[in-house]
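Architecture and fold: a report
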Amino acid sequence: MSISLRRARAIFVKDYKEFSRNYAISISLIVPILFAFLFRSAGPSLPGAIGFLFNISLVLLTCLVQACLIAEEKERNTLRTLMMTPATTLDVLIGKSALVFVLSALALAIASYVMGYEPASLWAVVAAVVLSIILYIAVGTICGLFSKTLLEASLSVIPAAMVFTAPPVAPLLFGDYPILKVLDYTPSIQLVQLLELPPGFMTGDILKPLLIISAWTVVFSIISVVLYQRRLKDE
Amino acid sequence: MQFQPIYENGELFLPKFELHMSFNQSIGMITDLRRKQLLLNQLADHNQYYVLRAGQNEYMRLTVEELIAFLIRVTERNERVASLMDYFDLREVRKNKIKDLTSSKRMYVTLLRVFFAHQPALVLEEPYFYLEEQDRRQFKRILDDLSKEKQILILTSNLEDAMISCDAIYRLNELGLHPLDIRDSDEDKQEVQKQDEANITLKKISTKRKDKIILFSPPEIDFIESLNGSILVHVGGENYDCALTLTELEQRLLNSGFFRCHRSYIVNLQKVREIITWTKNSYSLRLNTGKEIVVPLSRSKLQELKALLHI
């Protein structure tokens, strides 16, 4: 399958214009920044705030916007006509994902600046966030593909939000059961661990979370691309 | 292109047929909603057919100019936006968002997607349905230009829509694909009118129903029967009273392909599908009017009928 940057860019520009004029969706851009101001006023005494901020923003911004972009095209049947143009599956997905990626990265950067967050290892955190954004874009794509309308898409994000933001708070809610140790392998907990790395860390402390997150990302990206092709063939 | 037969509830719903498309000749096909959907489902090959369905929508928040620019870039064509805007005659609305256009203009802009198709065949479902007169003319012009390089098939349930831009028109029903020869039949009609203007009023059969007088042309009539002294004219499953006697009607309809098949029946031979032999001395005629209609045939009339039909 060929990838043409020219076509992907055309889709990027088109989606950017649509996104910026659709206030119902573009308002989700301020979610991370809003949370950042909220937590900053609570002070640095709040533990786990930065982890919660990143996880909730990844769902409410990255996942939701991607799901809505795909579902809106499905609702208007424009995705079907896009398939009849020379643009390939990857062109369309890359064009859309690039937009969501840029938006998420920008919003998260501003949010962490507002929070005054300083990571122990900047590069490890950047790598983990980049991988996480791609993971949540894939999850958003899957949500969008399973919904027929914009309304369904915004609702379908809720289960995804529960699955992906709940693990860090699960021990607080249900107590410390051994079975909850499985949750340590979820990407959200791994991201939290990286974000709250103590200053005197070892290389192994960085490597393990990064590997686990990238495994999730690769699996979900493949699932979303395969699902995209299959769902659109059925239409 | 070839279409596969489709059965529904054990009956043939869409017969197998083949359609030969060529350049410079756009084809219109008149059929119902269900058959349109079934046909479009068979045209799923994205390398062969560009299918534009009736439910197609557009990116509402882009302006017309942005949309055309997007379509040019995503299809990797080399045209310039400005020259295309002139060609499409969209200069005046180029800064308007698609959602702010009138519904006819919005449909017209949506239809322009076929212009950017790279497939050799374009299939459009009901393209003219939502268009106003001026947009219809514009779109017809674009389709005419496109037909020089592409094969165009228009699916519609409306004959008038098909006549706007199609060179050949077919009607598709459960019996198959039938070409409609529109131009010729128009000319024929005019000639007929000139020839026997006086006879035309004579050929109409006047009937009565609830104080209304209804006139039927002979080809519309399925058969006529005499029942309890009154004459009933059967048309499309309904019956209407007629004041004339069967003998008078027989005389009048003799030249229109009607036949007195029984003491109390006159049948339109154009509609007879089958001669049923019950026993050696008992016969019936089955009509192909959609509903199951059987008309008795006298033994004495059988020979006459056979002679008439050269059997």
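Residues numbered from 1 in each chain as written. Chains lettered and ligands numbered in written order. Predicted model: local features only at pLDDT ≥ 70, side-chain atom pairs only at ≥ 80, totals over all residues. Heavy atoms only, no water.

Now for the side chain of T31 of chain B. Residue and element names in this part refer to chain B. Mapping T31 onto the fold places it in the loop between strand 5 (27-30) and helix 1 (33-41). Here L172 takes part through its backbone oxygen, which lies 3.1 Å from a polar atom of the side chain of T31. Setting aside its immediate chain neighbours within four residues, T31 contacts K36, T156, S157 and L172. (Helix = DSSP H or I, 4+ residues; strand = E, 2+ residues; numbered from the N terminus. Polar contact = N/O pair within 3.5 Å; in protein donor to acceptor, adjacent residues only side chain to side chain. Contact = heavy atoms within 4.5 Å.)

Structurally, chain B comprises domain 1 (2-186) and domain 2 (196-308). Relative placement of domain 1 of chain B and domain 2 of chain B: their C-alpha centres are 43 Å apart. (Domains from an automatic or database assignment.)

As recorded in UniProt, the feature "domain: HTH LytTR-type" (unreviewed entry) lies at residues 205-311 of chain B. Across residues 205-311 of chain B, helical content stands at 17% and strand content at 54%; the span's end C-alpha atoms are separated by 30 Å. (UniProt positions renumbered as here; feature names shortened; annotations may be inferred.)

Residues and elements named next belong to chain A. A cluster of nonpolar residues, V169, L172, L173, F174, Y177, I179 and V182, forms a patch on the protein surface that exposes about 820 Å² of accessible area. Relative to the elements of secondary structure, V169 occurs in the loop between helix 8 (150-165) and helix 9 (170-174). A relative accessible area of 33% means that V169 is categorised as partly exposed. (Patch = residues over 30% accessible without salt bridge, like charges linked within 9 Å, V, L, I, M, F, W, Y side chains within 5 Å. Areas by Shrake-Rupley, 256 points an atom, 1.4 Å probe, with all protein chains shown as cover. Salt bridge = Lys/Arg side-chain N within 4 Å of Asp/Glu carboxyl O. Buried < 20%, exposed > 50% of the residue type's maximum accessible area, 1.4 Å probe, protein only.)

For the rest of this paragraph, the subject is the interface of chain B and chain A. Taken together, the contacts link 26 residues of chain B with 23 residues of chain A. Taken together, the two surfaces of chain B and chain A that pack against each other cover about 2,400 Å², and 56% of this comes from carbon and sulfur. For the pair chain B and chain A, the interface holds five salt bridges. Of the charged contacts, one joins R61 of chain B and E72 of chain A as a salt bridge, the two residues approaching to 2.9 Å between their closest N and O atoms. At the surface where chain B touches chain A, the tally comes to 13 residue pairs in polar contact (both at pLDDT 80 or more). For the side of chain B that touches chain A, the secondary structure elements donating two or more residues are strand 6 (49-52) and helix 2 (64-74) of chain B. (Buried area = accessible area lost by both parts, 1.4 Å probe.)

All names here are of chain B. Two elements, strand 11 (residues 205-209) and strand 15 (residues 238-242), share two bridges in a ladder whose sense is antiparallel. When the bridges of strand 15 are listed, K208 appears paired with D241. The sheet contact formed by strand 14 (residues 230-235) and strand 15 spans five bridges and is antiparallel. Directly across from V233, in strand 15, lies its bridge partner Y240. (Pairing = 2+ DSSP bridges.)

Moving on, we get to the sheet that holds strand 16 (residues 258-262) of chain B. Residue and element names in this part refer to chain B. On the basis of which strands lie adjacent, the open sheet formed by seven strands has the order 12-11-15-14-13-17-16 and antiparallel pairing. Among the strands making up the open sheet, the edge pair consists of strand 12 (212-216) and strand 16. Put simply, the sheet's adjacent strands are angled 35° from each other on average, direction ignored. Two elements, strand 13 (residues 223-227) and strand 17 (residues 265-268), share three bridges in a ladder whose sense is antiparallel. Each residue of the ladder has a partner; that of I224, found in strand 17, is I266. (Axes fitted to C-alpha atoms, helices over the stretch in contact; angles between N-to-C directions.)

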